[in-house]
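# Breakdown of the fold
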Amino acid sequence: MDGFCRVLHTVNGRVTGLQYQGKYTPQLLRHIEDKRQYFMDNDLLLIMPVDFHQASVLTHEQSELPFLRLMITDDFPNLSDGIRNRLLFELSERYKLWLGNLGSNASTNLAAVLQGCYDGLVLDEAFTDVNRDKPIFQTVLNEMSKYCNHLIVPGINTGRYKHIRLRCVEQLM
């Protein structure tokens, strides 16, 4: 089992993690387990996108991978309920969550963001492109960073590296 990952890094170029570009499968989790020591030794995160169905299944499992972050997207059902969304609450009790493609939806609701449900936020690339030159954009980024530990802004702190295969992650550092 293998797939491509996008390398995530800080503005100064320090690699902070990988964002998996494929779909979650139980077999993938076993493959990731084989890479556990590398991720932990290098203080790297692995962000794994999950959809509603996968998230429902994962609420019955507990992660033994402290570097793993589950990423749901802006179109996840009932995000406007924030922490009152039972599935979101249960996921956040078991995993550190990220919200991906933030700003892609005209009706984006920030309730869960403001309630601190997410360890990380990933802005939508088109949203970033449209807003990056606006004077208020940096203020928005500063404000958003108060509610999470990681703020990924495409074109600013992603994309400097080529995609890397998960099986080749040891060649990253």
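For the structure, see preceding data.
Below is a summary of the structure that appears in this document. (Residues numbered from 1 in each chain as written. Predicted model: local features only at pLDDT ≥ 70, side-chain atom pairs only at ≥ 80, totals over all residues. Heavy atoms only, no water.)

### Here's the deal with the overall build of the protein
What counts is decided by this rule: Numbering goes from the N terminus for both helices and strands, where a helix is a DSSP run of H or I of at least four residues and a strand is a run of E of at least two. The atom set for the radius of gyration is the C-alpha atoms, and the globule formula is 2.2 Å times the number of residues raised to the power 0.38. Each residue's exposure class comes from its accessible area (1.4 Å probe, protein chains only) as a fraction of the maximum for that residue type: buried when under 20%, exposed when over 50%, partly exposed otherwise. Using a 1.4 Å probe, the Shrake-Rupley method yields the accessible areas, and only the shown protein chains count as cover for residues. All tallies of charge rest on Lys and Arg as positive and Asp and Glu as negative; His and the ends of each chain are not included. Where a charge lies is defined by one atom per residue type: Lys uses NZ, Arg uses CZ, Asp uses CG and Glu uses CD.
Tallying secondary structure elements over the protein gives 7 helices and 8 strands in all. In terms of C-alpha radius of gyration, the protein reaches 16 Å, essentially the compact-globule figure of 16 Å for 173 residues. Here the protein, with 173 residues, has 45% of them falling under the buried criterion. When the accessible surface of the protein is totalled, it reaches about 9,200 Å², and 50% of it is carbon and sulfur. Positive and negative side-chain charges in the protein, numbering 18 and 20 respectively, have mean positions lying 3 Å apart.

### Overview of the side chain of Asn85
For clarity, the cut-off: Distance and chemistry together define a polar contact, namely a pair of N or O atoms within 3.5 Å, with one atom able to donate a hydrogen and the other to accept it when in protein, and with adjacent residues in sequence counting only for side-chain atoms on both sides. By the convention used here, residues are in contact when the closest approach between their heavy atoms is within 4.5 Å.
One can find Asn85 in the loop between β4 (68-73) and α4 (86-94). For Asn85, the side chain forms a polar contact with the main-chain oxygen of Pro77, separated by 3.0 Å. Setting aside its immediate chain neighbours within four residues, Asn85 contacts Pro77, Asn78 and Leu79.

### A closer look at the packing of aromatic side chains
What counts, and what does not: Whether two aromatic rings pair depends on their centres lying within 6.5 Å, for rings of Phe, Tyr and Trp, where Trp uses its six-membered ring; planes under 30 degrees apart make the pair stacked, over 60 edge-to-face, and the rest tilted.
Within the structure shown, the criterion is met by 4 aromatic pairs. Look at Phe127 and Phe137: their rings are 6.4 Å apart centre to centre, the planes differ by 55°, and that puts the pair in the tilted class. Taken together, the residues Phe127 in helix α6 (residues 125-131) and Phe137 in helix α7 (residues 137-144) connect sequence positions 10 residues apart. Its relative accessible area of 5% is what places Phe137 among the buried residues. Through a chain of ring-to-ring contacts, three or more aromatic side chains come together here, namely Tyr38, Phe39 and Phe67.

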